[in-house]
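Below are the chains, spelled out letter by letter.
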Amino acid sequence: QVQLVESGGGLVQAGGSLRLSCAASGRTFSSYVMGWFRQAPGKEREFVAGINRSGSNTYYHDSVKGRFTISRDNAKNTVYLQMNSLKPEDTAVYYCAADLSLLPGSPRAALYHYWGQGTQVTVSS
């Protein structure tokens, strides 16, 4: 089992940047496929980015390609989401998710077993 805690959200102007972090408990972090999701008010939770266990392969929703970068540091039990060129439509609660058996980059939120509590990202125009 793993516990996830996100941080790094906040209020930023359009065009700005934020870096989200997700710290995981436990000694088997490198066994988990990791993902970032987001949920805006009145909308379903949507896939943003995913990364495989070693960090060598990454996956992105088309809406964030070229602007967001997912990475992980297995020595620090942490996954990151660097968000650049932020737009008002990026405003949402951002969640990290983990799973032991999913294929990396799986976009279906319902398939991930472990979730953080979320961190709010607000982008003003």
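Residues numbered from 1 in each chain as written. Predicted model: local features only at pLDDT ≥ 70, side-chain atom pairs only at ≥ 80, totals over all residues. Heavy atoms only, no water.

Some remarks on the overall build of the chain
- The secondary structure content of the chain amounts to zero helices and eleven strands.
- Taken from the N to the C terminus, the helices and strands of the chain come in the order β-β-β-β-β-β-β-β-β-β-β.
- For 125 residues, the compact-globule estimate of 2.2 N^0.38 gives 14 Å, and the C-alpha radius of gyration of the chain, at 13 Å, lies within 12% of that figure.
- For the chain, the spread of C-alpha atoms along the principal axes amounts to about 40 × 25 × 25 Å.
- Within the chain, the proportion of its 125 residues that are buried is 43%.
- For the chain, contacts bridging at least 24 residues in sequence account for 58% of all contacts bridging at least 6.
- Carbon and sulfur atoms form 48% of the exposed surface of the chain, whose accessible area is close to 6300 Å².
- In the chain, 12 positive and 8 negative side-chain charges are present, and the distance between their average locations comes to 5 Å. (Helix = DSSP H or I, 4+ residues; strand = E, 2+ residues; numbered from the N terminus. Rg over C-alpha atoms; globule rule 2.2 N^0.38 Å. Buried < 20%, exposed > 50% of the residue type's maximum accessible area, 1.4 Å probe, protein only. Contact = heavy atoms within 4.5 Å. Areas by Shrake-Rupley, 256 points an atom, 1.4 Å probe, with all protein chains shown as cover. Lys, Arg positive; Asp, Glu negative; His and termini not counted. Charge placed at Lys NZ, Arg CZ, Asp CG, Glu CD.)

What to know about the state of the cysteines
- Taken as a whole, this structure holds one disulfide when the rule is applied.
- Each sulfur of the disulfide joining cysteine 22 and cysteine 96 lies 1.9 Å from the other. Here cysteine 22 and cysteine 96 share a disulfide; its torsion about the S-S bond, 50 degrees, makes the bridge right-handed. Of the two residues, cysteine 22 is situated in strand E3 (residues 18-24) and cysteine 96 in strand E9 (residues 92-99); the sequence distance between them amounts to 74 residues.
- Residue classification places cysteine 96 among the buried residues on the basis of a relative accessible area of 0%. (Disulfide = S-S within 2.5 Å.)

Here's the deal with the packing of aromatic side chains
- Inspection of the entire model under this criterion finds six aromatic pairs.
- Arranged with centres 5.9 Å apart and planes meeting at 75 degrees, the rings of tyrosine 32 and tyrosine 114 form a pair that is edge-to-face. One end of the pair, tyrosine 32, is in the loop between E3 and strand E4 (33-39); the other, tyrosine 114, is in strand E10 (residues 114-115), with 82 residues separating them in the sequence.
- Here the aromatic residues Phe37, Phe47, Tyr95, Tyr112 and Trp115 are joined through ring pairs into a cluster of three or more.
- Stacked on the ring of tyrosine 80, the Lys or Arg arginine 19 has its end atom at 4.0 Å from the ring centre.
- Stacked on the ring of tryptophan 115, the Lys or Arg arginine 45 has its end atom at 4.7 Å from the ring centre. (Phe/Tyr/Trp six-rings, centres within 6.5 Å; stacked < 30°, edge-to-face > 60°. Lys NZ or Arg CZ within 6 Å of the ring centre and 35° of its normal.)

A look at the side chain of arginine 38
- Within the element layout of this structure, arginine 38 appears in strand E4.
- A polar contact is formed between the side chain of arginine 38 and the side chain of serine 63, at a distance of 3.4 Å.
- Contacts of arginine 38, omitting those with residues within four sequence positions, involve Glu44, Arg45, Glu46, Val48, Ser63, Val64, Phe68, Glu89, Asp90, Ala92, Val93 and Tyr94. (Polar contact = N/O pair within 3.5 Å; in protein donor to acceptor, adjacent residues only side chain to side chain.)

Brief notes about the pairing of E4
- Across the seven residues that make up E4, a large majority, six, are buried.
- When E4 meets E9, the two strands line up antiparallel, connected through seven bridges. Residue pairing in the sheet places phenylalanine 37 in a bridge with tyrosine 95 of E9.
- Two elements, E4 and strand E5 (residues 46-51), share five bridges in a ladder whose sense is antiparallel. Across the sheet, residue methionine 34 finds its bridge partner in E5, namely isoleucine 51.
- In textbook terms, the turn of a hairpin is the stretch between consecutive antiparallel strands, and for E4 and E5 this stretch comprises six residues, one of which, glycine 42, has a positive phi near 80 degrees. (Pairing = 2+ DSSP bridges.)

Remarks on the nonpolar core
- With 28 residues, the main nonpolar core has Met34, Trp36, Leu81, Met83 and Tyr94 as its most contacted residues.
- Formed by five residues, the second largest nonpolar core is a distinct cluster that contains Phe37, Ala97, Leu102 and Tyr112. (Core = buried A, V, L, I, M, F, W, Y, C linked by side-chain atoms within 4.5 Å.)

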